[in-house]
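# Structural overview
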Amino acid sequence: MAAVSELIAVDIEGYLKQHEAKSLLRFITCGSVDDGKSTLIGRLLHESKSLFDDQIATLEGESRKFGTQGEELDFALLVDGLAAEREQGITIDVAYRFFTTDKRKFIVADTPGHEQYTRNMITGASTADVAVILIDARKGLLTQTYRHSYLVSLVGIRKIVLAINKMDLVDWSQQRFEQIERDYREFAPRIGLEDITAIPLSALRGDNVIEPSARTPWYTGPTMMRFLETVELDETRRERGPLRFPVQWVNRPNLDFRGFSGTIASGVVRPGDRVRAQPSGRESTVRRIVTEDGDLPIAVAGQSVTLTLADEIDTSRGDMLSSTESPAEVADQFEATIVWMSDEPLLPERSYLLKLGPAVTNAVVTEIKYKVNVNTLDHLAAKTFELNEIGVCNLALDRAVPFDPYQTNAATGGFILIDRMTNQTVGAGMLHFALRRAHNVHLQHVDIDKAGRSGQKGQKPVVLWFTGLSGAGKSTIANLVEKKLYEMGRHSYLLDGDNMRHGLNRDLGFTEGDRVENIRRVAEVAKLMVDAGLIVLTAFISPFVSERAMARRSLAEGEFIEIFVDTPLNVAEQRDVKGLYKKARAGELDNFTGIDSPYEPPENPELTINTVDCSAAQAADRVIDHLRSHGLIK
């Protein structure tokens with residue numbers, strides 16, 4: 001490195017211990033485009049002697065090639081690592097850098113300023129203690145200043161550095177500095193920001209970055225580095241909270257040992273403490289705190305340990321051990337804020353995977369309350385969330401999970417949403433509170449169950465889910481199959497797409513969101529009919545793989561038979577019994593499947609019927625043969 005501690009040469013062990021004892025500050029830099037975020041971080045790295053000689057040599061060469069500062073070093077290049085960033089002179093991805101001084105260790109995240117990279121900024125801010133918001137002294141507060149301030153407030157950052165940069169370009173005007181600070185302090189309380197430190201600086205020239213600048217005799221506050229080294233961190237806040245121990249793994253190496261492994265999210269635990277397993281509610285006593293280095297007398301937030309209990313209780317991955325005096329809440333319906341991170345829009349009632357700590361469960365957005373215009377903070381009506389949009393909605397899970405509100409405990413109140421088909425993270429969210437109906441509405445026990453109803457009818461209940469393009473022959477084949485079942489004395493019911501839209505689903509259109517809701521309702525009705533012991537036939541285009549998968553998951557294993565009526569588009573269009581393809585081609589019908597709305601063929605249907613090669617009667621016989629061969633009818 002360009003400069004290192006003299007302690008390294010004489011006492012390497014002492015040097016390492018010195019660094020172990022230092023506190024760690026995580027902070028982010030954010031602001032509008034070209035406000036100097038990367039330049040500030042590069043300056044901090046350079047002045048803190050955190051660069052190796054070869055890095056400095058590389059920086060000199062790249063400054064000549066890509067730099068914007070003439071013969072001087074362009075410190076922004078130290079963190080703008082992508083080729084596109086260097087060519088455009090902007091930040092796109094989140095860049096993390098580590099550096100250290102004699103007083104503290106730091107991890108800084110340089111986050112992008114462009115609105116289209118909001119998801120990148122949320123990622124960088126999620127673990128930060130402090131936000132450094134840069135403002136170009138010439139421009140003052142901009143739309144992106146308000147947006148970034150809202151975002152850092154959203155993820156729970158409360159300590160703000162208002163870095164008013166490029167003061168050299170306004171002749172170090174005290175009046176300009178104070179005007180910008182005053183404007184920001186008027187706005188900040190609206191989003192819960194009160195701990196604000198404003199610093200006038202020039203990241204390019206180094207004024208007030210490390211040492212006080214002679215150009216600002218009117219400024220008596222800390223330099224940037226002094227603030228970062230001395231800002232108070234509430235490092236014991238998580239320890240002061242109630243015990244939250246999400247179970248990541250049930251550790252059972254042999255018959256004589258059973259422990260629960262994980263990282264303590266908050267609180268303190270000792271042998272002898274009473275804990276409650278959630279969501280089951282069973283209680284026990286901590287017997288041991290086990291680590292690789294031996295048992296501990298106490299463990300605190302942030303430590304990874306294995307707890308053994310005095311009693312054998314049924315607890316698995318995703319459950320939580322909480323203090324009995326102040327347990328976590330348990331619910332399956334919530335209000336939450338969601339930051340949408342996918343190019344595909346969020347669709348209400350579409351099933352996603354929700355990951356809350358180690359717990360993974362199915363989730364749907366049941367209602368979008370509003371989206372937030374992050375530039376003005378206005379609440380806007382919305383039916384969906386597009387990429388980088390933020391809003392408040394209601395969530396419903398398929399099982400109850402333990403949680404805390406995000407503002408109380410980010411580790412047990414923050415979640416991500418995952419697309420079931422691609423396994424990509426599509427959203428990040430923060431739980432607000434459990435909905436009242438999550439506590440007040442309960443399943444009512446009934447004495448006659450599905451087995452009793454189906455036994456009375458002498459049949460196995462099942463859903464025959466016909467899917468395919470319009471004109472493929474779904475309704476025709478399903479109708480013939482039901483007639484054959486009727487002649488065999490079976491109890492059945494046919495749910496047809498057009499018929500459902502005349503009644504239960506008459507309020508729905510044909511947008512992607514309405515199609516999702518259409519199939520959700522059909523799946524719920526089919527599930528109830530299976531519970532009644534019926535053989536249910538559904539004839540719907542049901543164009544999306546995810547919704548058909550949702551319908552399958554709602555039923556028991558073997559109760560969902562997907563039948564793909566595979567008819568080529570040109571054949572279906574030639575039939576066009578209802579004249580719909582002709583209207584769609586003429587532009588009179590929007591969102592028509594196969595024309596301007598996609599159809600996603602089944603990947604592994606139980607039965608595929610090509611109606612080009614067989615008649616409707618032959619197709620119906622094939623369905624009946626399938627039911628017989630799988631023991632569903634005799």
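Scroll up to find the structure.
Below or above, wherever it landed, is the structure these notes cover. (Residues numbered from 1 in each chain as written. Predicted model: local features only at pLDDT ≥ 70, side-chain atom pairs only at ≥ 80, totals over all residues. Heavy atoms only, no water.)

When you go through the chain residue by residue, the secondary structure sums to 20 helices and 27 strands. Counting every position in the chain, which comprises 634 residues, the buried fraction comes to 50%. Partitioning the intrachain contacts of the chain with sequence separation of at least 6 by distance along the chain shows that 71% fall at a separation of at least 24. Accessible area for the chain stands at about 30,100 Å²; split by element, carbon and sulfur atoms hold 48% of it. (Helix = DSSP H or I, 4+ residues; strand = E, 2+ residues; numbered from the N terminus. Buried < 20%, exposed > 50% of the residue type's maximum accessible area, 1.4 Å probe, protein only. Contact = heavy atoms within 4.5 Å. Areas by Shrake-Rupley, 256 points an atom, 1.4 Å probe, with all protein chains shown as cover.)

Let us now look at the sheet that holds strand E25 (residues 535–539). Taking strand neighbours across the sheet as the criterion, the five strands line up as E24-E25-E23-E26-E27 in an open arrangement whose pairing is parallel. Edge strands, defined here as strands with exactly one partner in the open sheet, are strand E24 (492–496) and strand E27 (607–610). Adjacent strand axes in the sheet meet at a mean angle of 15°, parallel and antiparallel pairs treated alike. Bridge count for strand E23 (residues 462–467) against strand E26 (residues 560–566) is five bridges, and the pairing is parallel. Across the sheet, residue Leu464 finds its bridge partner in E26, namely Ile561. Strands in contact with helix H16 (residues 512–531) are E23, E24 and E25; relative to E23, the strand with the most contacts, it is inclined by about 150°. Contacts between helix H20 (residues 616–629) and the sheet are confined to E23, E26 and E27, with E27 contributing the most and set at about 165° to the helix. (Pairing = 2+ DSSP bridges. Axes fitted to C-alpha atoms, helices over the stretch in contact; angles between N-to-C directions.)

Strand order across the open sheet formed by six strands is E2-E3-E1-E4-E5-E6, with mixed pairing between neighbours. Every other strand in the sheet has two partners, leaving strand E2 (95–100) and strand E6 (195–200) as the edge strands with one partner each. Averaged over all adjacent pairs, the angle separating strand axes in this sheet is 25°, with direction ignored. As paired elements, E2 and strand E3 (residues 104–110) share six bridges and run antiparallel to each other. Bridging from a neighbouring strand, Thr100 pairs with Lys105 of E3. Where helix H3 (residues 37–47) meets the sheet, its contacts fall on strand E1 (23–31), E2, E3 and strand E4 (130–136), and the angle it forms with E1 comes to roughly 150°. The sheet strands contacting helix H6 (residues 118–125) are E1, E2 and E3, and the helix crosses E1 at an angle near 160°.

Okay, the environment of Leu589 next. Checked against the element boundaries, Leu589 lands in the loop between helix H19 (580–585) and E27. Excluding residues that lie within four positions of it along the chain, Leu589 makes contacts with Leu580, Lys583, Ala584 and Asp596.

Further remarks concern unusual backbone geometry. The omega angle of the peptide bond from Gln278 to Pro279 is 20°, so this bond is cis rather than trans. Locating Pro279 in the fold gives a position in the loop between strand E11 (274–278) and strand E12 (283–290). Phi is positive for Trp172, close to 55°, though the residue is something other than glycine. Mapped onto the fold, Trp172 is located in the loop between strand E5 (159–165) and helix H8 (174–187). Residue Trp172 is classed as buried on the basis of its relative accessible area, which comes to 12%. Not every positive phi belongs to a glycine, and Leu377 is a case in point at roughly 70°.

Our focus in this paragraph is the environment of Gly497. Along the chain, the position of Gly497 falls in helix H15 (residues 497–500). We classify Gly497 as buried; its relative accessible area is 13%. Remark: the alpha-carbon pair of Gly497 and Thr538, spanning 41 residues in sequence, is separated by 7.7 Å. Apart from the residues within four sequence positions on either side, Gly497 is in contact with Ala539 and Phe540.

What follows deals with the packing of aromatic side chains. Under the counting rule described, the total for this entry stands at 13 aromatic pairs. With 5.7 Å between their ring centres and 75° between their planes, Trp340 and Tyr352 make a pair best called edge-to-face. Here the residue Trp340 occupies a position in strand E16 (residues 329–340), and Tyr352 occupies one in strand E17 (residues 351–356), the gap between them amounting to twelve residues. There is no split in this pair, since Trp340 and Tyr352 are both buried. Where Phe564 meets Tyr599, the ring centres are 6.2 Å apart and the plane angle is 20°; that geometry is what we call stacked. On the criterion of sequence distance, the pair formed by Phe564 in strand E26 and Tyr599 in the loop between H19 and E27 is long-range, its members being 35 residues apart. Note on Phe564: relative accessible area 11%, which makes it buried. An aromatic cluster is defined as three or more aromatic residues linked by ring pairs; in this entry it consists of Phe27, Phe99 and Phe106. A cation over a ring is seen here: Arg350 above Phe544, with NZ or CZ 5.3 Å from the ring centre. (Phe/Tyr/Trp six-rings, centres within 6.5 Å; stacked < 30°, edge-to-face > 60°. Lys NZ or Arg CZ within 6 Å of the ring centre and 35° of its normal.)

With respect to burial, E16 is a largely interior element, nine of its twelve residues being buried. Across seven bridges, the pairing between E16 and strand E22 (residues 425–434) is antiparallel. The residue of E22 that forms the bridge with Val339 is Ala428.

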